[in-house]
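Structural overview for review
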Amino acid sequence: MCSSAVDLTGTPLFVHSLVPFHHRGVAAAVALSLSLGAPVARGDDEVTEPAVRPTALWLVAQLAPSPEIAYGNTVFRFGLRWQLTPLLYSFGIHRRLSPWRVAIVEPLVRQSGSVELFLSPEYFVRGPTFWDGWLWRAGVRTYLPLIERGDYLSASLGASCYDFAGRAGASFEIGAYVLFGIVGAQITWSPRSGPAQTIATLRLRYF
Amino acid sequence: MAVAGCTRLGSPSIATAQPFFEPPAHDGPVAAGSRLSVLWLGHATMLIQMDDKWILTDPFLVDTMGQIQRRVSPVGLDAKRLPALDAVLISHMHPDHLSLGSLERIERKVRRLFVPEGGLVYVTDFAFDARELRTWRSFEESGLRITAVPVDHVGGRYGIDSAWMTKSFTGYVVEYHGLSVFFGGDTAYDRRDFQRTRVLFPHLDLALLPIAPMHPRAHMRTLHMDPDEALDALSDLGARTMIPMHFDTLVAGTDAPGEARELLALQARARGMSDRVDLLRIGERRVVIPAPK
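In this text, all values refer to a predicted model and were calculated from it rather than measured experimentally.

Position of Arg-167 of chain A among the secondary structure elements: in strand 9 (residues 167-178). The spatial distance from the C-alpha of Arg-167 of chain A to the C-alpha of Leu-179 of chain A is 36 Å, given a sequence separation of twelve residues.

Dropping the structure here:
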């Protein structure tokens, strides 16, 4: 069987097949992807790496927190959680595209199957001063697609370490997400007792 | 001509047509004695048969669009009854056109899938071959030639990504054994785009054109053709026949149920174009060019 990709002049596309790799919004992403040997493209036709870049709307979306309730030491506390992704590897993305993302992650790239490093500043109403309420968390989380490649339903498992009011500890978490991953629920549990031993989060994340 | 329950616009039954309905029972997608036939599965999902080749457009074979909206008309043909597909064409990334659940249902039947420039990022890693086609680029295999042609819509899937997915929408022209079909996907009216396509494809046998949502027009005009504009597009393209799509499947805009269908019928009559417009119901099949006897 003859198979060839051509343009309208009849020129086979492999002639043009210098694979485009658009400039990333975050230069570090490029450097990191290349340094990790990320596959950019293969085959005799063209693929386009998405030129993800920060926009004003993306920035606003990052500022929107997820509400949560923490329970510990027999007290419930209301809190807010922000979520940042310094680095993500997607195993759901098409095999001909780079699986790496830095900071900016398309919902499907995350929810279709990925492992991410995350940072989560959280704030709980606690203590006499504003600064007493901050919890700093860093961890790793994997997303697993369940329905419609994660667009309709996905789950996550994760582990993290945190610092809260001068006390450090470890946490484990599970989550489930619907609506392209925009809405989800997460449960975070820490073996060590403390003011935020168990946290239930309504995860709201748009990009 | 073997026609499975289709309504040509001259039919008096059009005025009383019910907008939403169960697909008619028929003997499957294969139209006997056909060189070119089309079966409408709803929305922009068209099963095109060109001699021995099968092409499916924008497969939307699930009950809901992104968990947000339930379709108002059932799928015109069970995915299990679809034949092996030589090509699946994706016009853009919106979930009613790139439905990953639908692709899962037909994954083993698909030989190759085409997306517009930059669209591969949302295909995920299916077993079938998937590739991008930039505007005016073609892919040819075994005589089946598929060319991406310009249309006027919007890229992206989630809103924010429209900032960088500025070219991730397209139409297609499919050619095989001297037959040619234009698939408009989802597009606003852009005379220049259609006329440029006509220059390169002056003998289109069929144009599959969206006609809705229409209202509110001030907003929809920038994204979607209404029936009158679709007839303009038909003239610009110079296609012999048009089959409308992208209506009566999802509630979109503020259109009344069945409004686009009725308006197309009225305007086609008023413009003397009824003989060039075939108005299908979901699940109905039209033989556009019969096989010679």
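Moving on: the confidence of the model for chain B. The predicted coordinates of low-pLDDT regions are not to be read in fine detail. All names here are of chain B. Mean pLDDT over chain B stands at 90; residues scoring 70 or higher make up 90%. This model gives residues 1-19 a pLDDT under 50, and the stretch forms 41 contacts once residues within four places in sequence are excluded. Scored by ipTM, the complex comes to 0.86, with pTM at 0.86.

Pro-213 of chain B follows Ala-212 of chain B through a cis peptide bond whose omega is 0 degrees. Here His-215 of chain B and Pro-216 of chain B are connected by a cis peptide whose omega angle stands at 0 degrees. Structurally, Pro-216 of chain B can be placed in the loop between strand 14 (206-210) and helix 3 (217-220). In this model, Asn-73 of chain A sits at a positive phi of 55 degrees, which is unusual for a non-glycine residue. Note on placement: Asn-73 of chain A falls in the loop between strand 2 (66-72) and strand 3 (75-81).

Working note: regular strand, side chains alternate between the two faces of the sheet. Residues and elements named next belong to chain B. Most of strand 3 (residues 45-50) sits inside the fold, with six of its six residues counted as buried. A two-sided burial pattern is seen for strand 3, the buried positions comprising Thr-45, Leu-47 and Gln-49 on one face and Met-46, Ile-48 and Met-50 on the other. Here strand 2 (residues 34-42) folds back onto strand 3 in antiparallel fashion, the turn holding two residues, of which His-43 has a positive phi close to 50 degrees. Hairpin connection between strand 3 and strand 4 (residues 53-57): a loop of two residues separates the two successive antiparallel strands, and Asp-51 in this loop has a positive phi of roughly 50 degrees.

Residues and elements named next belong to chain B. As a packed pair, helix 4 (residues 227-237) and helix 5 (residues 259-270) sit with axes 8 Å apart at the nearest point and diverge in direction by 50 degrees. Classified by the angle between their axes, helix 4 and helix 5 sit oblique to one another. The hand of the helix 4/helix 5 crossing is right-handed. Where helix 4 approaches helix 5, its residues Pro-227, Asp-228, Ala-230 and Leu-231 are matched on the opposing element by Ala-260, Leu-263, Leu-264, Gln-267 and Ala-268. Taken together, the residues that form the contact of helix 4 with helix 5 break down as seven nonpolar, one polar and one charged.

Attention now goes to helix 4 of chain B. Residues and elements named next belong to chain B. Taken across its eleven residues, helix 4 has eight buried, putting it largely inside the fold. For helix 4, the elements touching its buried residues are strand 13 (179-183), helix 2 (191-200), strand 14, strand 15 (241-245) and helix 5. Looking at the residues trailing helix 4, positive phi occurs at Gly-238, about 70 degrees.

Criteria and cut-off values
Residues numbered from 1 in each chain as written. Chains lettered and ligands numbered in written order. Predicted model: local features only at pLDDT ≥ 70, side-chain atom pairs only at ≥ 80, totals over all residues. Helix = DSSP H or I, 4+ residues; strand = E, 2+ residues; numbered from the N terminus. pLDDT = per-residue confidence, 0-100. Contact = placed C-beta atoms within 7 Å. Buried ≥ 20, exposed ≤ 12 C-beta atoms within 10 Å, placed from the backbone. Pairing = 2+ DSSP bridges. Axes fitted to C-alpha atoms, helices over the stretch in contact; angles between N-to-C directions. Parallel < 35°, antiparallel > 145°, perpendicular 65-115°, else oblique. Left-handed = near helix turned anticlockwise from the far one by under 90°. Nonpolar A, V, L, I, M, F, W, Y, C, P; charged D, E, K, R; others polar.

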